[in-house]
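# Examination of the molecular architecture
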Amino acid sequence: MRARAGDRLMIKGHHVGEAERHGVVVEARGADGAPPWVVRWEDSDHEVLFFPGPDAIVEHPQPATS
Amino acid sequence: MRVRDAIRKNPQMLPSSATVGDAARLMDEAGVGAVIVADEGVPVGIVTDRDLVLRALAREVPPDARLDAVMSLGVVCIDADRDLHDAVLLFSTYPFRRLPVVAGHVVIGMITVDDLLVDLIGDLANVTRGLTAQVLFGHAEPRPPVPA
C-alpha cells in the first residue's frame, strides 16, 4: 500500500454502529510512499504514526482541471 | 527522556498466516503480552493476550485459526526519538496499553503502560528518599545552647 502527503485515508468500521474513520496522510516515512505514515485524523485533529491494516483505503485526490 | 530509552523488550512479530496457537506460544516464550502481525516485514495489525482470550478462546476459535482472524487491524506507533511524554499522551488518548516504537520505518521495540509505571515508581522512590529518613527515623531538632 502506497500513499503520499495529501492522500486521504479511510478505515471502515468493523462492527455494527462503528463509524468509518477518516484521515489525511501528512507524511510517508517508508520508501516510495510505503508505511508508516503520519496521519492526521479528522475526528480528533490528532496526528499519529500509523501502519495501516488491510482494511485501510487510500484515496488519491484528483488534480484540479481547468 | 526519549522513547527509545524506555524500550525494555524487542518486538515480537508473526505473519498474518501464523496461527492463534503460534501467537500464544510466542507470547509465552518471549514473556510478552502482544505480538505485531507483519507481512513481509510491514506491520498490518497487532494481537494481544486479551485478544486471544476474548476473540479466540471465548468464541471457541480453534488454535489453528489464522492470526488475522483475531488481530486488531492497523498499528499506531511512536517515533523512537519522540519525548516519552508523547507516549503518555498517546496512552491517554487511545484505548491500548502497548505501543510499538519505530526508527525510520522499522519497528525496533515496544513500550507499555506497565513500563512507564515501573519507571514512574522508581522516580518516586528517588524523589522521596530524603523524606523516607524523616518519616522512619524522625528526631527532634537539636536545641540551641543555653547561655551560661
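Above this note sits the structure.
Residues numbered from 1 in each chain as written. Chains lettered and ligands numbered in written order. Predicted model: local features only at pLDDT ≥ 70, side-chain atom pairs only at ≥ 80, totals over all residues. Heavy atoms only, no water.

### Quick word on the pairing of strand β5 (residues 56-59) of chain A
Residue and element names in this part refer to chain A. Here β5 shows a buried face lined by Ala56 and Val58 and an unburied face lined by Ile57 and Glu59. Where strand β1 (residues 8-11) meets β5, four bridges bridge the pair, whose relative direction is antiparallel. Residue pairing in the sheet places Arg8 in a bridge with Glu59 of β5. (Buried < 20%, exposed > 50% of the residue type's maximum accessible area, 1.4 Å probe, protein only. Helix = DSSP H or I, 4+ residues; strand = E, 2+ residues; numbered from the N terminus. Pairing = 2+ DSSP bridges.)

### Considering the interface of chain A and chain B
On the chain B side, the residues contacting the 16 residues of chain A number 19 residues. Regarding the contact of chain A and chain B, the summed buried area is about 1,300 Å², with carbon and sulfur atoms giving 67% of it. If you sort the residues of chain A by the area they bury against chain B, A:His46, A:Leu49 and A:Phe51 come out on top, with a joint share of 46%. Along the contact surface separating chain A from chain B lie one salt bridge. (Contact = heavy atoms within 4.5 Å. Buried area = accessible area lost by both parts, 1.4 Å probe. Salt bridge = Lys/Arg side-chain N within 4 Å of Asp/Glu carboxyl O.)

### Overview of the packing of aromatic side chains
Evaluation of the coordinates by the stated rule reveals three aromatic pairs over all chains. On the basis of an interplanar angle of 80° and a centroid distance of 5.4 Å, the ring pair of A:Trp41 and A:Phe50 is categorised as edge-to-face. Members of the aromatic cluster, joined through ring pairs, are B:Phe91, B:Tyr94 and B:Phe96. Seen from the ring of A:Trp41, A:Arg21 lies directly overhead, with NZ or CZ sitting 4.4 Å from the centre. (Phe/Tyr/Trp six-rings, centres within 6.5 Å; stacked < 30°, edge-to-face > 60°. Lys NZ or Arg CZ within 6 Å of the ring centre and 35° of its normal.)

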